[in-house]
Amino acid sequence: MSIKSTSIAVLLLALSLLGFILGDAMKKQSLTQRDGEIMEPSFVEVTIHGKERRIAEEVKVRAEVADTNEKRRQGLSGRETLPKGGGMLFIFENPCLCGFWMKEMRFPLDIIWIDEEFRIVHIAEGVSPATFPETFLPDRAAKYVLEVSAGTVKDFGITPGTLVEFSDASSR
């Protein structure tokens, strides 16, 4: 092999190795960012107001925010439980007839659709994981959907028309 051929081979090997190292570093950074989203999700406190409360005048839920396609697609699927007083708030860019199903769910939920005026427009109570692949749809368009533990709607007398308020809960 000539010196020129050897130099070209060494250069190609070095470029390949550099590409591998940079690609691996970018992959690790990407995984860290995704892990960061999982490890440090954002939360919002959802307050459900109403005059027909049986237990309290308002219900507070500390809800994890699902505001990207990836987070909305994953939802609560695969989780073992939902913390007491916890939930997940799905936020959509525009109001929609957003369908929900119980794919890979391990516990039942109450699903609450909320319009852009922060009023509950539809509720599906006690939705079981066994209902998959059935899709649950609201009667009216909603911009937000709140998932809470099954029984929450019944226990607190939550009904369509009830007003809802969101506030930052990340530091709580």
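Check the entry above for the structure.
Only a predicted model underlies this, so the values are computations on that prediction, with no experimental measurement involved. (Residues numbered from 1 in each chain as written. Predicted model: local features only at pLDDT ≥ 70, side-chain atom pairs only at ≥ 80, totals over all residues. Heavy atoms only, no water.)

## Side note on the packing of aromatic side chains
Move 1: Applying the stated rule across the entire model yields seven aromatic pairs.
Move 2: Each ring, one from Phe-90 and one from Phe-100, has its centre 4.9 Å from the other, and the planes form 80°; the classification is edge-to-face. With a gap of ten residues between them, Phe-90 in strand β3 (residues 86-96) and Phe-100 in the loop between β3 and β4 (109-114) connect regions that are remote in the sequence.
Move 3: Accessibility expressed as a relative area gives 8% for Phe-100, which makes it buried.
Move 4: With a centroid separation of 5.4 Å and 85° between ring planes, the pair formed by Phe-118 and Phe-166 is classed as edge-to-face. In this pair, Phe-118 is assigned in the loop between β4 and β5 (120-127) and Phe-166 in strand β7 (residues 164-168), connecting sequence segments 48 residues apart.
Move 5: Geometry around Phe-43 places Arg-62 over its ring, the cationic atom sitting 3.8 Å from the centre. (Phe/Tyr/Trp six-rings, centres within 6.5 Å; stacked < 30°, edge-to-face > 60°. Helix = DSSP H or I, 4+ residues; strand = E, 2+ residues; numbered from the N terminus. Buried < 20%, exposed > 50% of the residue type's maximum accessible area, 1.4 Å probe, protein only. Lys NZ or Arg CZ within 6 Å of the ring centre and 35° of its normal.)

## A few points about the pairing of strand β2 (residues 58-66)
Move 1: Bridging between strand β1 (residues 43-49) and β2 involves seven bridges; their strand directions are antiparallel. By the bridge assignment for β2, Val-46 is matched with Val-61.
Move 2: In this structure, β2 lies alongside β3, joined through five bridges in parallel fashion. Along β3, the bridge assignment pairs Ala-66 with Phe-90. (Pairing = 2+ DSSP bridges.)

## Side note on the nonpolar core
The nonpolar side chains of a soluble globular protein tend to be buried with one another.
Move 1: If you look at the biggest cluster of nonpolar residues, it comprises 20 residues, and the most contacted ones within it are Leu-76, Phe-90, Phe-100, Leu-109, Ile-111, Trp-113 and Val-145.
Move 2: Of all the secondary-structure elements, those providing two or more residues to this core are β3, β4, β5 and β6 (142-149).
Move 3: Beyond its immediate sequence surroundings of up to four residues, Leu-76 is in contact with Leu-82, Met-88, Met-105, Phe-107, Leu-109 and Glu-147.
Move 4: Counting 18 residues, the second largest nonpolar core, distinct from the first, contains Val-44, Leu-89, Tyr-144 and Val-153. (Core = buried A, V, L, I, M, F, W, Y, C linked by side-chain atoms within 4.5 Å. Contact = heavy atoms within 4.5 Å.)

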